[in-house]
Amino acid sequence: MSEQSASGLQSWIDNRFPLTSTWRYHMSEYYVPKNINFWYLFGSLSILVLVIQIVTGIWLTMYYQPSVDRAFSSVEFIMRDVEWGWLMRYLHTVGASAFFAVVYLHMFRCLLYGSYKKPRELLWIIGVLIYLVMMTEAFMGYALPWGQLSYWATQVIVALFGVVPVIGDDLVVWLQGGFLVNEATLGRLFSLHVVGLPLLLIVLVFLHIVALHHVGTSSPDGVEIKQNKDENGKPRDGIPFFPYVVIKDLVGFGIFLIIFCAIVFFAPEFFGYFIERPNLEEANPLQTPEAIHPIWYFTAWYAMLQCIPNEAFGVLVMFAGSMILLFLPWIDRGEVRSIRYRGLGYKIGLAVFIASFLILTWAGMQDPSGAPIVIARIFTAVYFGYFVFLWAYTYFGFEQTKPVPERVTDK
Amino acid sequence: MSKKKLGYVLGALLAVSFVGPAFAGMSMENPRVSHHDRDSIRKGAEHFVQYCSGCHSVQYLRYDRLAEDTGMDAEWLEERLILEEGLEHHKPMLSAMAAEDGVNWFGTAVPDLSMTARVRGEDWIYTFLNAYFKDEDQPLGFDNWVQEATAMPHVLVHLQGTPQPVFDDNGRLVDIEVPERGEMSRREYERMTAELTAFLSYAAEPIRADRERMGIWVLLFLMVMTAVFYLLYKEYWRELKQK
Ligand code: HEM
């Protein structure tokens, strides 16, 4: 009886909304390679963190006050007087850092297994756009507590637009709504942070998943499971996303949450990396903080900006650093996707590339003088050099690849 | 103009980053009090009201919250902490001194101490309170190793005694000695300044101790949850492999 009414309801809905077919298409009959590994977890984890950010963000917005006089004290009000406010705030700040950690690992997987290659170029480009929006979102969120670094980082970042030829100065005044970073600036940062950019982010993530489910998940071997289907049209090496991958991802969620909550409850400042000390002091436009560098997930780009003496050129290089990722599918001409079967040159190149990003991240945290500047210059060159190398290596056929198997390998 | 402004901002940052510590041979000391030690926090609050709140506010801390977190009652607040007649208990700990007075008397506004322990660190505060030394060239008669030419008078001098600097051959400060003790022994003075630090540390983040206590349960729960997921995963995938 109850079954009947359930199916009755189901068909009632299905006649009006594609419920069952959507569920099948995206969950119970979405096939992924049976040998996807650890590195494939970070996409789902990004969704988890996105949800955490949105839910905690909604709570914070109930009490936060976007005004120069009250922003800082309203955050302390949340930390001290709002029931569970401290938890919402720490989940949100640690969540921001976790978001970048998880997305960086997600992007690394793409480099490992050539996930950006045909037919996933658009999926990759949507991903890079997500990353750009995330950086903007994080920068704006960082401004909101109106601590010393919030204020001064906003000064620096907005001033970057001053290098735009001809209209630069007017652009800066227009962006910040006055001649200085002020109440109007804070208002727009707030509005974009809580409404504009999250909406954009959600739309982009939706498109990301639509694109993914259209082309299918790649395998760590770079083999397409769609090329080998059984008589019913099911990929022989595929397993349905629901329930198998869902339950596997849940284990990953659990492990992630253990690490995440250990930080939230025991080291929410994460030794000054997630919440920086000077930012616990209210903004003071008359006093430059002793040392200023952005939060850890931006320092690689900041190192590029700082190490170049010409400001306009520095700004250009900094933006080029992330924009160049958009073109990666066409820079890498190699036919073989997965690092498992690629040439030695690719493996070494990728290792050097990752090292250069980590070293730049370190350099951007140091005082901008002496050795860190020189190191940043060298590794900025290495960072961009990687793309030149990768193009030449694959375009001129230097790469010695190994044969790619017909079917996915079992571990 | 903006190009110049960017250059100015980056330039200013570069300039400050060269300013190093003025004294060598001394180091920051840890107060060695746990943030779970409610007694020390309570005593620190009492010292604070006695010696510091004449000048300093702790604007983000409410009296009743302090009482609750240290396990004390309204009577304690009335007797030991609240000096102003009839002040409601949920009011923040504000100093009676007006901001202009601070500027007039000390040449600088007296800083609020709500966040100091998180901005500067516990070690900084504790060392600061132990780093005064006699210097006749200073308007207040004392300098401080941690905050050079500090505008804060050595308000605890009657307890500590007069601290004298010890310089090496290059004229660098290497130690501070107190030949004539005040009302307190060295031990007592260090203990008291550690308690003050514990209080300020608590004031900077009242939830900290509770947060850690809760964290243990949260982690235990998550571990159990993850174990259940893991068993489920094993179960589902065994089926899968049999197929
Ligand atoms: C909010 C941030 C993001 C979310 C929620 C998200 C979500 C996902 C999910 C759930 C998957 C499938 C599971 C997996 O393969 O890991 C995926 C795949 C993918 N993502 Fe993302 N992603 C995000 C950001 C990015 C970024 C920044 C990039 C690259 C710059 C990117 C590029 C890709 C690519 C190329 C795939 C296909 C992987 C393959 O099949 O080999 N994503 N994403």
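Everything numeric here is computed off the predicted structure, so don't read it as measured data.

Rules behind the numbers
- Residues numbered from 1 in each chain as written.
- Chains lettered and ligands numbered in written order.
- Predicted model: local features only at pLDDT ≥ 70, side-chain atom pairs only at ≥ 80, totals over all residues.
- Heavy atoms only, no water.
- Near = heavy atom within 4 Å.
- Polar contact = N/O pair within 3.5 Å; in protein donor to acceptor, adjacent residues only side chain to side chain.
- Helix = DSSP H or I, 4+ residues; strand = E, 2+ residues; numbered from the N terminus.
- Nonpolar A, V, L, I, M, F, W, Y, C, P; charged D, E, K, R; others polar.
- Domains from an automatic or database assignment.
- Contact = heavy atoms within 4.5 Å.
- Buried area = accessible area lost by both parts, 1.4 Å probe.
- Salt bridge = Lys/Arg side-chain N within 4 Å of Asp/Glu carboxyl O.
- Core = buried A, V, L, I, M, F, W, Y, C linked by side-chain atoms within 4.5 Å.
- Buried < 20%, exposed > 50% of the residue type's maximum accessible area, 1.4 Å probe, protein only.

Draft legend 1. Seen up close, the site of the ligand. Residue and element names in this part refer to chain A. Around the ligand sit 25 residues in total, of which His 106, Arg 109, Ser 115, His 208 and Ser 218 are the nearest. Backbone polar atom of Tyr 40 to an oxygen atom of the ligand: 3.1 Å apart, as the coordinates give it. Contact distances for the ligand include 2.7 Å between a nitrogen atom and a side-chain N or O atom of His 106. Listed by contribution, the elements that provide at least two residues to the shell around the ligand are α3 (41-63), α5 (85-113), α6 (121-143) and α9 (183-215). Each residue belonging to the shell around the ligand can be placed in one class, and the counts come to 14 nonpolar, nine polar and two charged.

Draft legend 2. Representation of the domain arrangement of chain A. Residue and element names in this part refer to chain A. Parsing chain A into structural domains produces domain 1 (23-292) and domain 2 (298-406). Here the C-alpha centre of domain 2 lies 22 Å away from the C-alpha centre of domain 1. If you look at the interface, domain 1 gives 34 residues, while domain 2 gives 35 residues. In total, about 2800 Å² of surface goes out of reach between domain 1 and domain 2, with carbon and sulfur atoms giving 68% of it. Summed over the three residues of domain 1 that lose the most area to domain 2, namely Leu 111, Lys 117 and Asp 221, the buried surface amounts to 20% of that side. Our count for the contact surface shared by domain 1 and domain 2 stands at three salt bridges. The closest approach of N and O atoms between Lys 117 and Asp 332, which form a salt bridge, is 3.1 Å. Our count for the domain 1 to domain 2 interface comes out at 14 residue pairs in polar contact (both at pLDDT 80 or more). Counting residues per element, the ones that place at least two in the side of domain 1 that touches domain 2 are α5 and α6. The biggest single contributor to the side of domain 1 that touches domain 2 is α6, with ten residues. Partitioning the side of domain 1 that touches domain 2 into residue classes produces 24 nonpolar, four polar and six charged.

Draft legend 3. The nonpolar core, seen in detail. Judged by nonpolar contacts, the single largest core of 136 residues is most densely connected at Phe 260 and Tyr 383 of chain A. With 18 residues, the single largest contributor to this core is α5 of chain A. Here this core gathers at least three residues from each of two domains, domain 1 (23-292) and domain 2 (298-406) of chain A. Of all hydrophobic cores here, the second largest spans 45 residues; its members include Ala 117, Leu 173, Leu 196 and Ala 203 of chain B.

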